Amino acid sequence: MKPMNFLAAAGFLAASAISASAADITGAGATFPFPLYAKWAEAYKASANIGLNYQSIGSGGGIRQIKAKTVDFGASDMPLKGDELKTDGLIQFPSAMGGIVPAINVQGVGAGGLKLTGAVLADIYLGKITKWNDKAIAGLNSGVTLPDAAINVVYRSDGSGTSFVWTDYLSRVSDEWKSKIGANTSVSWPVGVGGKGNEGVSASVKQVPNSIGYVEYAYAKQNKLAFALVANKDGKYPAPENKAFQAAAANADWNAAPGFGIILNNQPGDEAWPITSATFILIRKDGDAAKNQAALKFFDWAYSNGDKIATDLDYVPLPTNVKAAIRQTWGQELKFTH
Amino acid sequence: MSAAPLAMTEATESGQLSRRTKPSTTSDRLFEYASRGSALIVLVLLAGIMLSMVIGGWPAFRQFGVGFLTSSVWDTQSDQYGAWPAIAGTLTTAAIAMIVGIPLSLGIAIFLTQLAPAWMKRPVSTAVELLAAVPSIIYGMWGLFVFVPLVGAYVQTPVSKIVEGLPLVGTILYARAPSGLGVLTAGLILAFMITPFIASITRDMLDQIPSVLRESAYGVGCTTWEVVRHVLLPQAGVSIIGATMLGLGRALGETMAVTFVIGNANRLSASVFDPGSTIASRVANEFNEALGMQLSALIALGCILFFVTFVVLCCARLLVARVGKI
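Criteria and cut-off values
Residues numbered from 1 in each chain as written. Chains lettered and ligands numbered in written order. Predicted model: local features only at pLDDT ≥ 70, side-chain atom pairs only at ≥ 80, totals over all residues. Heavy atoms only, no water. Helix = DSSP H or I, 4+ residues; strand = E, 2+ residues; numbered from the N terminus. Buried < 20%, exposed > 50% of the residue type's maximum accessible area, 1.4 Å probe, protein only. Contact = heavy atoms within 4.5 Å. Areas by Shrake-Rupley, 256 points an atom, 1.4 Å probe, with all protein chains shown as cover. Lys, Arg positive; Asp, Glu negative; His and termini not counted. Charge placed at Lys NZ, Arg CZ, Asp CG, Glu CD. Salt bridge = Lys/Arg side-chain N within 4 Å of Asp/Glu carboxyl O. Buried area = accessible area lost by both parts, 1.4 Å probe. Polar contact = N/O pair within 3.5 Å; in protein donor to acceptor, adjacent residues only side chain to side chain. Phe/Tyr/Trp six-rings, centres within 6.5 Å; stacked < 30°, edge-to-face > 60°. Lys NZ or Arg CZ within 6 Å of the ring centre and 35° of its normal. Patch = residues over 30% accessible without salt bridge, like charges linked within 9 Å, V, L, I, M, F, W, Y side chains within 5 Å. Axes fitted to C-alpha atoms, helices over the stretch in contact; angles between N-to-C directions. Parallel < 35°, antiparallel > 145°, perpendicular 65-115°, else oblique. Left-handed = near helix turned anticlockwise from the far one by under 90°. Nonpolar A, V, L, I, M, F, W, Y, C, P; charged D, E, K, R; others polar. pLDDT = per-residue confidence, 0-100. Expected span 1.5 Å × (residues − 1). Bend = angle between axes of the 7 residues up to and from the residue. Core = buried A, V, L, I, M, F, W, Y, C linked by side-chain atoms within 4.5 Å.

Novice: Would you take a moment to explain the overall build of chain B for this structure?
Specialist: A tally of helices and strands in chain B yields 13 helices and two strands. If you line up chain B on its principal axes, its C-alpha atoms span 65 × 55 × 35 Å. In chain B, which comprises 326 residues, the proportion classed as buried is 42%. Sequence-distant contacts, at least 24 apart, represent 75% of the contacts inside chain B between residues at least 6 apart. Surface accessibility of chain B: about 17000 Å² in total, with carbon and sulfur atoms responsible for 70%. Of note, chain B has its 19 positive side-chain charges centred 6 Å away from the centre of its 16 negative side-chain charges.

Below is the structure:
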């Protein structure tokens, strides 16, 4: 969780505890979008007088809870596959997006001062590139003085949607990563040290010279971590910012997977940031109809009114056409009317 | 296990508490039922925990068999799980904690009771007790932000430079990337965490030894060292082992502090500077997001930790029984 939003989140929890009533919407799951949902809920409460009680227990927990019917909606950073949605009678749709950046701590290299490719990142995380002045890195960065020092590789030790997006990206750019390690919320890392949460990763990267780790962009920005640029599918090095994440979303084919479960990694386009992902909401088709409608109403409100809140918190709002397609699905599958 | 129940068992066995009379009044009878009920709840609770662990971990035990204990693969991709790196990490960190923590605690306790000037006793004792009250997450945060960088810069980096390439020592004490995180760091943090427990219980025990014993030893010309070695330590021996086991229990099961500083790598490494993991840290890291076989494997890990702790406590009992006889 982003520290800047901690107070807001804590206030939100306190407020929701006091005013919890039968009309409140309950949700649980991913930690990544928690600050966003907290802010949305605050604004929604002010306008519609309906509270949201969201427990950020992790994506896996969110999937478990919605399957067990204990919450009105579940939240996950890892999209469920079509057949899994079908077996459990779930509807899935994205709520917002974010990007992930490789945070670095290399002497004399500032934010965006280092260029890397997906293949090089994969080799670093596989333990094949062990020094910063390795030819593969130096070749991409002529003019940058790189130290003759061992690379301290940092990963997320707790199961996390961020790790899923990162390992999915590495799987797409490296066959060796795909066959040896694969993509998941936690994998069997061949080298490196694990930090718990975004805080653990960034603490390690900040404190240990010659480190590399991965965090959400919003987190890197708020904590002023230096980051490396990564070559996208078209071989360009866009700066990680809202424009670049949105470009990845705009170029993606959202209808390619059931439940909009596409992953925005390595999308084509000059401006597209290569490591981008959406975060997803899960709702039961056979759930309490009134509660489902209440939850959908909240997200409908958020799509219409929540973009500024999202941008302020460094999340990326969904493109308009995707929102329209999601509303259409709601109408078809859950008889939701605007 | 604490000193109090030990003392009581001994007392009962030696028949000192046999003046129990039959319950006569209603309040007596109620009191007996109530206390017996409380005692039974402990047994039921323990059985319940054990049972739910076994049932939850059963799919993993059934699928991997003995291989679950010996395999060092932990791969959520192919759903293959092995507990060995976590078990090894748990035992290694606990061993480091004991090796560093026990002498430190005994030193503190002996100094406080025998050597410290009067004006120093109160503040140092209070400080020791305060250390015991610090929550483990605070130790973790302090460890991550203060202790880990120090270990990285002033221990791992210079030591690695010296031992690089040497046989054996070069393997055990070489850090590939000196980040400060690692098994040794975790063991040291654990040592700091258990020291106040052991020190404070040992101090109480040493204080309770009748001063007549000490004075007569000094009277026949013993030095302070001889009094401590031949009079005080043997007297407090059983209690010190009890205190040590309490510390070991904490070291084996400690979760948050270890998770912060151990580096959380599920790999085996011969170097104590390399990152590793313990059973508790692995569960803490992965439980939130685990489903299916992974969840089952994590519960099975918990079951193993339960078993390891049980074995350790059994050994402690045996040890206490032996020391008690001497």
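Novice: Hey, could you run me through the pattern of salt bridges in this one?
Specialist: Close approach of charged atoms allows side chains with opposite charge to pair. This structure, assessed with the given rule, holds 22 salt bridges over all chains. As a salt-bridge pair, E32(B) and R36(B) come within 2.8 Å of each other at their nearest N and O atoms. Taken as a pair, E32(B) and R36(B) lie in helix α2 (residues 26–64) at a separation of four residues, close to a single helical turn. Under the relative-accessibility criterion, E32(B) is labelled partly exposed at 26%. Three or more residues joined by partner-sharing salt bridges are found here, namely D123(A), K128(A), E176(A) and K180(A).

Novice: Would you take a moment to explain the interface of chain B and chain A for this structure?
Specialist: Put simply, an interface is often sized by how much accessible area is lost when its parts join up. Across the contact, 29 residues belong to chain B and 35 residues belong to chain A. Considering only the side of chain B, the residues that lose the most area to chain A are R176(B), R267(B) and E289(B), jointly responsible for 26% of the buried surface there. Taken together, chain B and chain A are joined by zero salt bridges. Between chain B and chain A we count eleven residue pairs in polar contact (both at pLDDT 80 or more) in total.

Novice: Is there a simple way to explain the environment of L116(A) in this structure?
Specialist: Residues and elements named next belong to chain A. Locating L116 in the fold gives a position in strand β5 (residues 115–116). Classification of L116 by relative accessible area gives buried; the value is 0%. Not counting residues up to four positions away in its chain, the partners in contact with L116 are L121, I137, L140, I212, A228, L229, V230, A231 and Y237.

Novice: It is not clear to me how the side chain of S163(A) should be interpreted in this structure. Could you clarify?
Specialist: Residue and element names in this part refer to chain A. Summarising the element assignment, S163 is placed in helix α7 (residues 161–173). A polar contact of 2.6 Å, which involves the side chain of S163, links it to the side chain of Y214. For S163, the residues in contact, after removing those within four places along its chain, are R156, N184, T185, W189 and Y214.

Novice: Just to check I follow, could you spell out the packing of aromatic side chains for this structure?
Specialist: In this description, a pair of aromatic rings is defined by centroid distance and the angle of the planes. Taken as a whole, this structure holds 30 aromatic pairs over all chains when the rule is applied. For the ring pair Y217(A) and F227(A), a centre distance of 6.5 Å and an interplane angle of 80° mean the geometry is edge-to-face. Taken together, the residues Y217(A) in helix α10 (residues 217–222) and F227(A) in strand β9 (residues 226–227) connect sequence positions ten residues apart. Judged on exposure class, the residue Y217(A) and its partner F227(A) are both buried. Between F64(B) and Y81(B), the aromatic rings sit 6.2 Å apart at their centres with planes inclined by 80°, giving edge-to-face as the arrangement. Highlighted residues: F64(B) in helix α2 and Y81(B) in strand β2 (residues 80–81), separated in sequence by 17 residues. Judged by its relative accessible area of 2%, Y81(B) is buried. Positioned above the aromatic ring of Y237(A), the side-chain terminus of K115(A) is 5.0 Å from the ring centre. The ring of W74(B) is capped by R282(B), whose NZ or CZ atom sits 5.4 Å from the centre of that ring.

Novice: Where do I start with a nonpolar patch on the surface in this structure?
Specialist: A contiguous nonpolar patch, built from I137(B), I138(B), M141(B), W142(B), F145(B), V146(B), L150(B), Y154(B) and V155(B) and spanning about 820 Å² of accessible area, is present on the exposed surface. Secondary-structure assignment places V155(B) in helix α6 (residues 136–163).

Novice: Would you take a moment to explain the packing of helix α4 (residues 84–115) of chain B against helix α5 (residues 118–133) of chain B for this structure?
Specialist: Each pair of packed helices gets described by two things: the angle between the helix axes and the distance between those axes. All names here are of chain B. Direction vectors running N to C along α4 and α5 enclose 150°, while the axes themselves pass 9 Å from each other. Judged by the inter-axis angle, α4 sits roughly antiparallel to α5. Crossing of α4 over α5 shows left-handed handedness. Contacts from I108, F111, L112 and T113 of α4 reach α5 at M120, K121, V124, S125 and V128. Residue composition of the contact of α4 with α5, by class: six nonpolar, two polar and one charged.

Novice: Help me understand the confidence of the model for chain B in this model?
Specialist: Segments scoring low in pLDDT should not have their predicted coordinates read at a detailed level. Residues and elements named next belong to chain B. Overall, the predicted model of chain B reaches an average pLDDT of 86, with 92% of residues at or above 70. The least confident element of chain B is helix α1 (residues 3–13), whose mean pLDDT is 46; the most confident is α4, at 93. Segment residues 1–15: pLDDT under 50, and 15 contacts once partners within four positions in sequence are set aside and those in other chains are kept. Complex prediction metrics read pTM 0.80 and ipTM 0.76.

Novice: Help me understand the environment of K285(A), please; the structure alone is not making it clear to me.
Specialist: All names here are of chain A. Tracing the backbone shows K285 in the loop between β11 (276–284) and α12 (289–305). According to the relative accessible area criterion, K285 is partly exposed, its value standing at 45%. C-alpha separation for the pair K285 and S56, spaced 229 residues apart in sequence, amounts to 22 Å. Each residue touching K285, except ones within four places of it in the same chain, is listed here: G89, L90, I91, N292, E333 and L334. Among the polar contacts made by the side chain of K285, one reaches the side chain of E333 at a distance of 3.3 Å.

Novice: Explanation requested: α2(B) in the structure shown.
Specialist: In an α-helix, one full turn covers 3.6 residues, which means residues spaced three or four apart are oriented alike. Between the first and last C-alpha of α2(B) there are 56 Å, a value that for 39 residues agrees with the 57 Å anticipated at 1.5 Å per step. A maximum bend of about 50° is found in α2(B) at G57(B), where proline P59(B) lies one to four positions downstream.

Novice: Is there a simple way to explain the packing of α12(A) against helix α14 (residues 320–334) of chain A in this structure?
Specialist: All names here are of chain A. The interhelical angle for the contact between α12 and α14, taken along N-to-C directions, is 165°, at an axis separation of 11 Å. Our classification of the angle between α12 and α14 gives roughly antiparallel. Relative to α14, α12 is oriented so that their crossing is left-handed. For the pair α12 and α14, the contacting residues are N292, Q293, L296, F299, D300, Y303 and S304 in the first and K323, I326, R327, W330 and L334 in the second.

Novice: What's the story with the nonpolar core in this structure? I'm lost.
Specialist: F93(A), Y125(A), I137(A), I212(A) and W254(A) are the most contacted members of the largest nonpolar core, which totals 162 residues. Per-element tally for this core: the top contributor is helix α10 (residues 224–253) of chain B, with 13 residues. Setting aside residues up to four positions removed in sequence, W254(A) forms contacts with P94(A), M97(A), A249(A), F260(A), I262(A), L264(A), A278(A), L318(A) and V322(A).

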